[in-house]
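Listed below, chain by chain, are the residues.
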Amino acid sequence: MKKKFSFLFVIIGFLGINLLFNYQYYWRQLISDDSTIGAVHGEVQATEWGMEQVYQKIISFQNPFSPIKNYLYPFGLDIAASDPGAGFFFIFFRPFLSPHQSLAMTVVINLFLANLGMFFLLKKLGFSTLISFLIGLSYGYTTALMPRIGGHPTYTSIYLFPWFFLCVYSLFLGNKSKIKVLSSLGIPFFFVLTLWQNFYFFVILLLSCLSLLMYLFFRRRDLLFKNIRSNWIYLFIIFLMLLLFLYPWFTALYEVFLFEEAPKTTGWLGANTIFASDLFGFFVPSGYNYYYGQLISPIIDRIPFAQGIFENFTYLCSRVFEFENF
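A.B. asks: Requested: an account of the environment of Asn-63, with residues and values cited.
C.D. replies: Relative to the elements of secondary structure, Asn-63 occurs in the loop between helix H2 (42-59) and helix H3 (90-93). Note on Asn-63: relative accessible area 23%, which makes it partly exposed. The spacing of Asn-63 and Pro-248 is 185 residues in sequence and 6.4 Å in space, taken between C-alpha atoms. Once residues within four sequence positions are removed from consideration, Asn-63 is found in contact with Lys-57, Pro-248, Thr-251 and Ala-252. At 3.0 Å, the side chain of Asn-63 and the backbone nitrogen of Phe-65 are in polar contact. From its side chain, Asn-63 meets the backbone oxygen of Pro-248 in a polar contact 2.9 Å long.

Here it is as structure tokens:
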């Protein structure tokens, strides 16, 4: 009974804070839809349009990753490499809401899932309920993310990380067969969903998996091989599910490359150093800081190495921007 009460408190806490902090820009859209008065602009409008195209393909039983044929005839507009998975949430909201309202609900659900996923992961790792709640809350509303979601709502896909590693932990360190089966389905699901929803996050997930494997190989090799031998059937299920989930995406990508060559990139594997951050960003006081940003901005604007565009920002205490519109 005590555990059920604690979990209920956690759910109410996450939902209450979600409603409190996201009412003005997201939950309010259920009452007053900004798209009806033309108050949606920039990348948010483009994101809504793309998610709507994916949704229309799904309800028409088409490959959601295939090019959009209504534009750039006869080849169409490629969307396989442009976060099409973000449109999958429209299945739950679009039958009842406008595209703008559906995107707003997608954002708040993603934040809630980020809170909940980190909470479950930390509880699995042995942390107390209170610590898990607080860190789960701070993870969903990380200060490096909040200033950016107004223009990049798909960045709220950070919920995928804790759920993926929760499944990994449950598979290799769990004891119940039912949990292992669910985890062997969850691992490929969240892995591929990361690829579909945000390619940046997919690269981060790959690097984190590689880092974990390298650590286990060099420091806990016996444990690594033991778990592989004892869970080989579940690893085989993961392999099969990966093939199943990736098939429609690879099919669409193959069709694209039949007519287009891979883009030529500059820099290190296409990395744009103009938008890259550096270690200074963690130590130099930032003008985006909620508490003293207005005081420090006139100073750092005069220091050449501290100047930079918004994308260079990495300081840990940012402020949440107050957008005029959604």
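A.B. asks: For unusual backbone geometry, give the residues involved together with the corresponding values.
C.D. replies: For residues that are not glycine, phi is negative in most cases, and the peptide bond is trans in most cases. Residues other than glycine seldom take positive phi values, yet Phe-61 does so here, at roughly 60°. Within the secondary structure, Phe-61 sits in the loop between H2 and H3. Overall, Phe-61 belongs to the exposed group, its relative accessible area being 79%.

A.B. asks: Tell me what's going on with empty space enclosed by the protein, and back it up with residues and numbers.
C.D. replies: One water molecule sets the probe size; rolling that probe over the atoms shows where empty space is left. Scanning all chains against the criterion turns up one cavity of 30 Å³ or more. Counted as a void, the largest cavity has a volume near 50 Å³. A per-element tally of the lining of the largest cavity places helix H4 (residues 99-124) first, with four residues. Among the residues forming the lining of the largest cavity, the class breakdown is six nonpolar, six polar and no charged.

A.B. asks: Report on helix H8 (residues 199-219), specifying residues and quantitative values.
C.D. replies: Here H8 contains 21 residues, and its C-alpha end-to-end distance of 30 Å stays within 8% of the 30 Å for a straight helix at 1.5 Å per residue. Residues of H8 that are buried include every one of Phe-201, Phe-202, Leu-205, Cys-209 and Leu-216, and no others. All buried residues of H8 project into a common sector of 105° when viewed along the axis, lining one side. Those residues of H8 that are exposed and aimed more than 90 degrees away from the buried face are Tyr-200, Leu-207, Phe-218 and Arg-219. Contacts made by the buried residues of H8 are with helix H6 (160-173), helix H7 (177-197) and helix H9 (221-230). Backbone nitrogen of Tyr-200 and a side-chain oxygen of the N-cap are separated by 3.0 Å at the start of H8; the cap is Asn-198.

A.B. asks: Any details on the nonpolar core? Residues and values, ideally.
C.D. replies: Counting 59 residues, the largest nonpolar core has Phe-14, Tyr-26, Tyr-159, Phe-164, Ile-187 and Trp-196 as its most contacted members. Where this core is concerned, the elements lending two or more residues are helix H1 (2-22), H4, helix H5 (129-140), H6, H7, H8 and helix H10 (232-259). When residues no more than four places from it in sequence are discounted, the contact partners of Phe-14 are Phe-112, Asn-115, Leu-116, Phe-119, Phe-133, Gly-136 and Leu-137. In terms of nonpolar packing, the next biggest core, distinct from the first, is built from seven residues, Val-40, Val-44, Phe-90 and Leu-103 among them.

A.B. asks: Describe a nonpolar patch on the surface, and please don't skip the residues or the numbers.
C.D. replies: On the surface, a cluster of nonpolar side chains totalling about 560 Å² of accessible area is made up of Leu-210, Met-214, Phe-217, Phe-218, Phe-225 and Ile-228. The set of elements that each furnish at least two residues to the nonpolar patch consists of H8 and H9. Sorting elements by how many residues they give to the nonpolar patch places H8 first, with four residues. Tracing the chain through its elements places Phe-217 in helix H8.

A.B. asks: Please provide a residue-by-residue account of the environment of Phe-161, values included.
C.D. replies: In this structure, Phe-161 sits in helix H6. A sequence separation of 33 residues divides Phe-161 from Thr-194, and the C-alpha atoms of the two residues are 8.4 Å apart.

A.B. asks: So what about the packing of aromatic side chains? Which residues, and what values?
C.D. replies: Each aromatic ring pair is characterised by the separation of its centres together with the angle its planes make. For the structure shown, the criterion picks out 24 aromatic pairs. Judged by centre distance (6.1 Å) and plane angle (40°), the rings of Phe-9 and Phe-133 are tilted. In this pair, Phe-9 sits in helix H1 while Phe-133 sits in helix H5, placing the two residues 124 residues apart along the sequence. On the basis of relative accessible area, Phe-9 is assigned to the exposed category, the value being 53%. You can call Phe-133 buried: its relative accessible area is 9%. Measuring from centroid to centroid gives 5.2 Å for Phe-217 and Phe-218, while their planes differ by 85°, and the two rings are edge-to-face. For Phe-217, a relative accessible area of 33% gives the class partly exposed. Overall, the relative accessible area of 57% leaves Phe-218 in the exposed class. A connected cluster of aromatic rings, assembled from ring pairs, spans Phe-7, Phe-9, Phe-14, Phe-119, Phe-120, Phe-133, Trp-163, Phe-189, Phe-190 and Phe-245. Looking at Arg-221, its charged tip hangs above the ring of Phe-217, at a distance of 4.3 Å from the centre.

The rules we used
- Residues numbered from 1 in each chain as written.
- Predicted model: local features only at pLDDT ≥ 70, side-chain atom pairs only at ≥ 80, totals over all residues.
- Heavy atoms only, no water.
- Helix = DSSP H or I, 4+ residues; strand = E, 2+ residues; numbered from the N terminus.
- Buried < 20%, exposed > 50% of the residue type's maximum accessible area, 1.4 Å probe, protein only.
- Contact = heavy atoms within 4.5 Å.
- Polar contact = N/O pair within 3.5 Å; in protein donor to acceptor, adjacent residues only side chain to side chain.
- 1 Å grid on protein atoms, 1.4 Å probe; cavity = no way out; pocket = protein on both sides within 12 Å on 5 of 7 lines; lining within 4 Å.
- Points joined across faces, edges and corners; volume = space filled by probe spheres on them.
- Nonpolar A, V, L, I, M, F, W, Y, C, P; charged D, E, K, R; others polar.
- Expected span 1.5 Å × (residues − 1).
- Arc of directions from axis to C-beta.
- Core = buried A, V, L, I, M, F, W, Y, C linked by side-chain atoms within 4.5 Å.
- Patch = residues over 30% accessible without salt bridge, like charges linked within 9 Å, V, L, I, M, F, W, Y side chains within 5 Å.
- Areas by Shrake-Rupley, 256 points an atom, 1.4 Å probe, with all protein chains shown as cover.
- Salt bridge = Lys/Arg side-chain N within 4 Å of Asp/Glu carboxyl O.
- Phe/Tyr/Trp six-rings, centres within 6.5 Å; stacked < 30°, edge-to-face > 60°.
- Lys NZ or Arg CZ within 6 Å of the ring centre and 35° of its normal.

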